[in-house]
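Residue-level structure breakdown
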Amino acid sequence: MIASQLTPNVRLLLGPGPSDAHPRVLTAMTTPLLGHLDPQFLEIMNETQVMLREVYGTANRLTFPISATGMAGMEACFVNLLEPGDSVVVCAKGFFGNRMIDIAERTGARVIALQQKWGEAFDLNRIFEVLKRERPKALGIVSAETSTGVSQSLEGLGDLCRELGTLLIVDCVTSLGCTPLKLDELGIDAAFSCSQKGLGCPPGLSPMSFSDRAVAALKARKTKVQSWYLDMTAIESYWGGDRSYHHTAPISMIYALREGLRIVLEEGLAARWERHRRNHLALKAGLEAIGLNYIAAPECRLPQLNAVHIPAGVEDIPNRKRMLTDFGIEIGGGLGDFKGKAWRIGLMGYNSKPSSVFQVLAALEMVLRGAGVKVEPGSGIGAAELAYG
Ligand SMILES: *Cc1c(COP(=O)(O)O)cnc(C)c1O
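Residues numbered from 1 in each chain as written. Predicted model: local features only at pLDDT ≥ 70, side-chain atom pairs only at ≥ 80, totals over all residues. Heavy atoms only, no water.

With respect to the overall build of the protein chain
The line we're drawing: Put simply, DSSP H or I for four residues or longer makes a helix, DSSP E for two residues or longer makes a strand, and each gets a number counted from the N terminus. Based on C-alpha atoms, the radius of gyration is set beside the globule rule, defined as 2.2 Å times the residue count to the power 0.38. To sort residues, take the accessible area from a 1.4 Å probe on protein chains only and compare it with the maximum for the residue type: under 20% means buried, over 50% means exposed, and anything in between is partly exposed.
In terms of helices and strands, the protein chain carries 14 helices and 14 strands. Taking 2.2 N^0.38 as the reference for a compact globule, 389 residues should give roughly 21 Å; the C-alpha atoms of the protein chain span a radius of gyration of 21 Å, in line with that estimate. By its C-alpha atoms, the protein chain is 65 × 55 × 45 Å across when sized along the principal axes. Out of the 389 residues belonging to the protein chain, those deemed buried represent 58%.

Listed below in structure tokens is the structure:
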């Protein structure tokens, strides 16, 4: 059997990821392969690292993408920084926080799991108290909880962690490239992200950064990291050290990330964050005008991930399917506790733009009307227009 020629439909990817890659990124990926030890490729790696440090707001030497998706970045943080017998506090307020707990437990460390109601952010004072009492080796927390659309403040967490000798591990998968994030200012010791959300690239890489404190913890390990592939010390010998072979770098993905980072820095971080905020406010005005209400409270909403309640009496799957087949727009359903109860609309990276806002609102108006909801034609896009001013 020979499958037919590949002709995927053009979609507008407005779910929780992947979001559309920037056309310049896709072009970069079609340029010729270099060997992973070619001097020209080594220079491309250097440039990628320099730009990644800038985008992450860090001077950390150990800053590079690992060859896998965001989940591998999460796993890498925990397996490298924890050994059996260590203790770790993990803060979960949604699906990805729960995954952090699962991964932390597999390291053999003692896990103190804090749960917050889905849709809410943690009050930092609660975390501060537990940290002071437990003095754990590490603390894990998600900055942008994609399952609920909740943004978590990290203000003061880095300072307290430093005081107590605790390593601060932060999931930056949905924040990097979308919302304000500066690792060094926040005192973050281990960060991981992905290529396919705020950075406008395809999925496949997890940009990582470890502080000097995290590197010291790596060096002080008594046992080998149980994952050979994710052993940061070994990967670092390719990215930062003597350039010795560890695994074959995914050359085209590094090209993609290099181009994605160039685009982020050309726009400027502050301008990019402001763009995400502006498009979110227009989308929010439109969603509320057509009766779709946010799960997260106003003070902790993510601009890049708009999670709303599905109105009573409206089915989840058939209507999301209609968004896809009739309008070519992908939006996300709910995860875990929110399965069948939430829609998640991402405006991430390249896709955070007025045309995405207007397309998704117009389609939702029609889909909701088709589902029997009373929606005035044009009310959503009208509200968004007014919000843009
Ligand atoms: C998407 C996501 C991940 C997982 O990333 P993958 O690239 O899908 O492996 C982890 N954490 C959060 C908060 C995410 O949104």
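Description of helix α2 (residues 39-56)
The periodicity of an α-helix, 3.6 residues per turn, causes residues three or four places apart in sequence to face the same way. As a reminder, the rule being used: Given the number of residues in a helix, its expected span is that number minus one, multiplied by 1.5 Å. Identification of polar contacts relies on pairs of N or O atoms within 3.5 Å, with a donor-acceptor requirement for protein atoms, meaning one able to donate a hydrogen and the other able to accept it, and with residues adjacent in sequence counted only if both atoms are side-chain atoms.
Spanning 18 residues, α2 covers 26 Å between terminal C-alpha atoms, matching the ideal 26 Å at 1.5 Å per step. If you check the start of α2, you find a side-chain oxygen 2.7 Å away from the backbone N of Gln 40, and it comes from Asp 38. The first or second residue beyond α2 is Gly 57, which carries a positive phi of 65°.

Observations regarding the site of the ligand
Spelled out, the test is: A single heavy atom is enough: if one lies within 4 Å of a molecule or strand, its residue is considered near that molecule or strand. Methods summary: accessible areas were calculated by the Shrake-Rupley approach with a probe of 1.4 Å, and residue burial reflects only the protein chains presented. Think of it as three bins: nonpolar holds Ala, Val, Leu, Ile, Met, Phe, Trp, Tyr, Cys and Pro, charged holds Asp, Glu, Lys and Arg, and polar takes everything else, Gly as well.
In the vicinity of the ligand, 13 residues are found, and the nearest of them are Thr 69, Thr 146, Asp 171, Gln 196 and Lys 197. In this structure, Thr 69 approaches the ligand through a side-chain N or O atom, which is 2.6 Å from an oxygen atom. With respect to the ligand, the side chain of Asp 171 contributes an N or O atom lying 2.6 Å from a nitrogen atom. A total of 380 Å² of accessible area belongs to the ligand in isolation, and the protein chains cover 89% of it. Residue classes in the shell around the ligand are distributed as six nonpolar, five polar and two charged.

As for the sheet that holds strand β11 (residues 305-309)
Threshold: Two strands pair if DSSP finds at least two bridges between them. Residue contacts follow a heavy-atom distance rule, with two residues in contact if any of their heavy atoms lie within 4.5 Å. Under this scheme, a helix contributes an axis fitted over its contacting stretch, all axes are lines through C-alpha atoms, and angles between N-to-C directions fall in the 0 to 180 degree range.
The three strands lie next to each other as β11-β14-β13, forming an open sheet whose pairing is antiparallel. The open sheet has two edge strands with one neighbour each: β11 and β13 (332-333). Sheet strands in contact with helix α11 (residues 269-289) are β11 and β14 (342-346), and its direction is about 15° off that of β11.

A look at the environment of Pro 180
Here Pro 180 is to be found in the loop between β8 (167-171) and α7 (183-186). Along the primary structure Pro 180 and His 309 are separated by 129 residues, whereas in three dimensions their C-alpha atoms are 26 Å apart.

As for the packing of helix α13 (residues 354-370) against helix α14 (residues 379-388)
Applied cut-off: Orientation is classified from the angle alone, with under 35 degrees giving roughly parallel, over 145 giving roughly antiparallel, 65 to 115 giving roughly perpendicular, and any other angle giving oblique.
For the pair α13 and α14, the least separation of the axes is 8 Å and the interaxial angle reads 155°. It follows that α13 is roughly antiparallel to α14 by the angle criterion. Of the residues in α14, those in contact with Pro 354, Val 357, Phe 358, Leu 361, Ala 362 and Glu 365 of α13 are Ser 379, Gly 380, Ile 381, Ala 384, Glu 385 and Tyr 388. Residues belonging to the contact of α13 with α14 are distributed by class as follows: eight nonpolar, two polar and two charged.

Points about the domain arrangement of the protein chain
Spelled out, the test is: Domains are outlined according to an automatic or database domain assignment. Buried area adds together the accessible area that both of two parts lose upon being put together, with accessible area traced by a 1.4 Å probe.
Under the domain assignment, the protein chain is made up of domain 1 (23-266) and domain 2 (269-388). The junction of domain 1 with domain 2 conceals about 2100 Å² of combined surface from both sides, 68% of it contributed by carbon and sulfur atoms. When residues of domain 1 are sorted by the area they lose upon contact with domain 2, Trp 118, Gly 149 and Cys 178 head the list and together hold 24% of the total. Where domain 1 packs against domain 2, one counts eight residue pairs in polar contact (both at pLDDT 80 or more). A class-by-class count of the residues in the side of domain 1 that touches domain 2 yields 13 nonpolar, 11 polar and four charged.

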